[in-house]
2 protein chains.
Amino acid sequence: MSYYLGLDIGGSYLQLGLVTETGDLLAVRNRASAGGFTGDELTVAINEMIIDIKAEYRLVNTDILALGAGVPGHVDNKSGYILHTNNLSFNMYPLRQRLNDLSQIPVYLANDATLATLAESRLGAGQGYSDLVMITIGTGIGGGIVLGGKIYTGYNQGASELGHHVIMLNGELCSCGRRGCFEAYASATALIRMTKRAAEKNPDSYLAELITKQNGIISGKTAFLAQGQGDVVAATVIDEYLDNVAEGCANIINILMPELMILGGGISQEGEDFLQEVARRSIELAYLPAGQVPPRFALASLGNEAGVIGAALFAAECRADKIYG
Amino acid sequence: MSYYLGLDIGGSYLQLGLVTETGDLLAVRNRASAGGFTGDELTVAINEMIIDIKAEYRLVNTDILALGAGVPGHVDNKSGYILHTNNLSFNMYPLRQRLNDLSQIPVYLANDATLATLAESRLGAGQGYSDLVMITIGTGIGGGIVLGGKIYTGYNQGASELGHHVIMLNGELCSCGRRGCFEAYASATALIRMTKRAAEKNPDSYLAELITKQNGIISGKTAFLAQGQGDVVAATVIDEYLDNVAEGCANIINILMPELMILGGGISQEGEDFLQEVARRSIELAYLPAGQVPPRFALASLGNEAGVIGAALFAAECRADKIYG
């Protein structure tokens, strides 16, 4: 039997999956911590995970058709280089060549959110839709676009940086260096900033009390928790945050008008209420005259493994299309 | 010989073109004024133009394969309805059926900026590029997207409303009802607003003097003219305006990463200097790490006739693909 490997290079971990030709995930390995690695340390660590998974499943190299790698940034699948990552330091790094040298397995590269989108499109919330957009709301905001059933990456594979479109001219500084990006207003990081500011301004609120109980630690859940307890300050934070998320979603709808919008990432774990509220506000903001069917909204359904599954599917598609590798 | 008709339904005029099967424009008719018409008056006026052009070229109905119509708003080419226009009053109007009844010619509908983009893509500035975006900067901002050589309209034909993505949360009111749209910051209308405010704030400036000389009339050219005379107030207006145009362009690049960005519409008549300045600022703002080739920028080259040529090309493609009509 033949297999693909799917690799997700995250900010703080590496995840490797062994996937069948039909997209079934057989095994997953996690390893800390990509953030502290140099490019060559990263390559060695990936190869160790490959050796480990091959040993456990008694696989030889000819059993593995290819490896797909998801990178949180810009890659060039033609040259096999990681071009740039915002949060890691793998800039202009020839991952394909280095990993080829060690593992002797064909390697394909893509953006991580693009690969999660591919997985959701084929096996998750996007099954049956040919045109969809996925937005992953976590520490940052990533995105993926599927058009006509195919991943759309733009002519230089730099498209679908959905988190890096400005919704507030001269606004908050973004991780990308620009001001006012969607990511700077609608990521978990943005929500944490908004939560912190609101608590500082309202020291007598339940929100401030909750943060003190949490030893000053604020997460993307904090404001949602306080809102759930009826706190008005938190409710105001969530209301503004939902507006920000919806503004970005409405922008993407007006530009791309997909049939389906998938919300993924940590914040989407707030679940169905969050989804419905984002959908309602987005559709109200978007340019959708009477007579036009609005896009549907759905939560991502494959969870944390979407990245590795998508990476494996991508490797299979690149191999089938005989591109690069 | 066989021909197509291309129709451009503008805010203040109707333009009809007679086009050969290879896209050559043989004749153009203009007629005021679509803005004041009801849907049925519009249909009658279009049919009179068809009769006129048929008479002059001694054509019978079998010589005309189809008519494509560009509408400044949302249409449904499946049902043949104009769904909604911002500036006209043709909402939920069955243009295909009514025009079929009068003219006996197959009719296809699309957005006007989409059709101008199709024309530029096939015969103008976009020749040889398979992925491109055109932005038409006039009274409003329209846009068209070509991906893989084909016009992209989204699953309900409502995509590429590029002027209606918000770049300033809670900003200036837009014609679409939302606040802070690209159109509300980067259209000729926005530039006129900015020019007016700057002149009022600086009554001793050359800009204010020029407006007085123009009997109080401000156009999209006014600030450019005053800047050309060395006026500092006008230069500040143009600088801010160029930033606004570039922010929207950079957003579109980050989302779609086309190989080519085409600038069209009235403001693009400012020419090569305007183009180069928008390109420079957009590429600086966009998320383009080292190693990635930025999109090119070009001015639209077909002028005012892009709409009717694109409409005729669209009719030909719909007919070839046997869709609707």
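Residue numbering note: each chain is counted from 1, following its sequence as written. To read the labels, note that chains go from A and ligands from 1, taken in the order they are written. The model is predicted, so local features are restricted to residues of pLDDT at least 70 and side-chain atom pairs to those at 80 or more, both for listing and for counting; the totals for chains, interfaces and linings are taken over all residues. As a rule here, side-chain values cover all heavy atoms of the structure and leave hydrogens and water aside.

1. A short note on the overall build of chain A
For step 1, the next point in the chain: Numbering of helices and strands runs from the N terminus; a helix is a DSSP stretch of H or I covering at least four residues, while a strand is a stretch of E covering at least two. The helix and strand inventory of chain A stands at ten helices and twelve strands.
For step 2, the next point in the chain: Taken against the 2.2 N^0.38 rule, which gives 20 Å for 325 residues, the C-alpha radius of gyration of chain A at 20 Å falls within 12% of a compact globule.
For step 3, the next point in the chain: Its C-alpha atoms put chain A at 60 × 50 × 35 Å along the principal axes.
For step 4, the next point in the chain: For the exposure calls, accessible area comes from a 1.4 Å probe over protein chains only, and a residue counts as buried if that area is under 20% of its type's maximum, exposed if over 50%, partly exposed in between. Looking at chain A as a whole, 60% of its 325 residues are labelled buried.
For step 5, the next point in the chain: In chain A, 62% of the contacts between residues at least 6 apart in sequence involve partners at least 24 apart.
For step 6, the next point in the chain: Surface summary for chain A: the accessible area is close to 12700 Å², and the carbon and sulfur share equals 49%.
For step 7, the next point in the chain: With 22 positive and 34 negative side-chain charges, chain A shows a separation of 4 Å between the mean positions of the two kinds. Within these notes, the globule rule equals 2.2 Å times the number of residues to the 0.38 power, and the radius of gyration is based on C-alpha atoms. By definition in these notes, contact holds between two residues if any of their heavy atoms fall within 4.5 Å. A 1.4 Å probe and the Shrake-Rupley method give the accessible areas. Residues count as covered only by the protein chains that appear here. Counting rule for charge: Lys and Arg are taken as positive, Asp and Glu as negative, and neither His nor the chain ends is counted. The atoms used to mark charge sites are NZ of Lys, CZ of Arg, CG of Asp and CD of Glu.

2. Notes on helix 3 (residues 112-123) of chain A
A turn of α-helix holds 3.6 residues, and therefore any two residues three or four places apart point the same way.
Residue and element names in this part refer to chain A.
For step 1, the next point in the chain: By this rule, a helix spans an expected 1.5 Å times one less than how many residues it contains. Helix length check: helix 3, at twelve residues, gives a terminal C-alpha distance of 16 Å against a target of 16 Å (1.5 Å per residue), a fit within 8%.
For step 2, the next point in the chain: Of all the twelve residues making up helix 3, nine are buried; the element is thus mostly covered by neighbouring parts of the structure.
For step 3, the next point in the chain: Where helix 3 is concerned, the buried positions are Ala 113, Thr 114, Leu 115, Ala 116, Thr 117, Leu 118, Ala 119, Glu 120 and Ser 121.
For step 4, the next point in the chain: Side-chain atoms alone can form a polar contact between residues adjacent in sequence; in general such a contact is a pair of N or O atoms within 3.5 Å, and within protein one must be able to donate a hydrogen while the other accepts it. The backbone nitrogen of Ala 113 lies 2.9 Å from a side-chain oxygen of the residue at the head of helix 3, namely Asn 111.

3. Looking at the interface of chain B and chain A
Buried accessible area, meaning the area lost when the parts come together, often serves as the stated size of an interface.
For step 1, the next point in the chain: Listed as interface residues are 47 residues of chain B and, on the opposing side, 48 residues of chain A.
For step 2, the next point in the chain: Between chain B and chain A the total buried area reaches about 4300 Å² when both faces are included, carbon and sulfur atoms providing 59% of it.
For step 3, the next point in the chain: Buried area, as used here, totals the accessible surface that two parts lose on assembly, with accessibility defined by a 1.4 Å probe and the loss added over both. Per-residue buried area on chain B facing chain A is highest for Tyr 155, Ile 255 and Tyr 287 of chain B; these three make up 20% of the total on that side.
For step 4, the next point in the chain: Put simply, a salt bridge is a Lys or Arg side-chain nitrogen that is within 4 Å of an Asp or Glu carboxyl oxygen. Applying the counting criterion to the chain B and chain A interface returns two salt bridges.
For step 5, the next point in the chain: Ionic pairing is found between Arg 178 of chain A and Glu 247 of chain B, a salt bridge with its closest N-O pair at 2.8 Å.
For step 6, the next point in the chain: Across the chain B-chain A interface, the total number found is 32 residue pairs in polar contact (both at pLDDT 80 or more).

4. Comments concerning the domain arrangement of chain A
All names here are of chain A.
For step 1, the next point in the chain: Boundary definitions for the domains trace back to an automatic or database domain assignment. Split into domains, chain A comes out as domain 1 (3-117 + 304-320) and domain 2 (127-301).
For step 2, the next point in the chain: For domain 1 versus domain 2, the separation of C-alpha centres amounts to 27 Å.
For step 3, the next point in the chain: Tallying the contact residues gives eleven residues for domain 1 and 18 residues for domain 2.
For step 4, the next point in the chain: In total, domain 1 and domain 2 occlude about 1000 Å² of area from one another, counting both sides; carbon and sulfur atoms represent 51% of this.
For step 5, the next point in the chain: Together, Asn 86, Thr 114 and Thr 117 form the three largest contributors to the area buried by domain 1 at its contact with domain 2, with a combined 47%.
For step 6, the next point in the chain: Counting the contacts that link domain 1 with domain 2 gives zero salt bridges.
For step 7, the next point in the chain: Inspection of the domain 1/domain 2 interface yields four residue pairs in polar contact (both at pLDDT 80 or more).

5. Brief notes about the packing of aromatic side chains
Residues and elements named next belong to chain A.
For step 1, the next point in the chain: When the centres of two rings from Phe, Tyr and Trp lie within 6.5 Å, Trp using its six-membered ring, the rings pair. Their planes under 30 degrees apart give stacked, over 60 give edge-to-face, and anything left gives tilted. For the structure on display, the rule yields two aromatic pairs over all chains.
For step 2, the next point in the chain: For the ring pair Phe 224 and Phe 274, a centre distance of 6.1 Å and an interplane angle of 80° mean the geometry is edge-to-face. Of this pair, Phe 224 sits in helix 7 (residues 222-228) while Phe 274 sits in helix 9 (residues 272-285), placing them 50 residues apart in sequence.
For step 3, the next point in the chain: Taking the relative accessible area as the measure of exposure, Phe 224 reaches 12% and is therefore buried.

6. So, the pattern of salt bridges
Residues and elements named next belong to chain A.
For step 1, the next point in the chain: Under the criterion given, the structure shown has 32 salt bridges over all chains.
For step 2, the next point in the chain: Put simply, Glu 172 and Arg 193 hold a salt bridge, and the shortest N to O gap is 3.7 Å. Taken together, the positions of Glu 172 in the loop between strand 10 (150-151) and helix 4 (182-186) and Arg 193 in helix 5 (residues 188-201) put the pair 21 residues apart, joining distant regions of the chain.
For step 3, the next point in the chain: Look at the salt bridges and you will find they share partners, linking Asp 239, Asp 243, Glu 277, Arg 280, Arg 281 and Glu 284 into a network.

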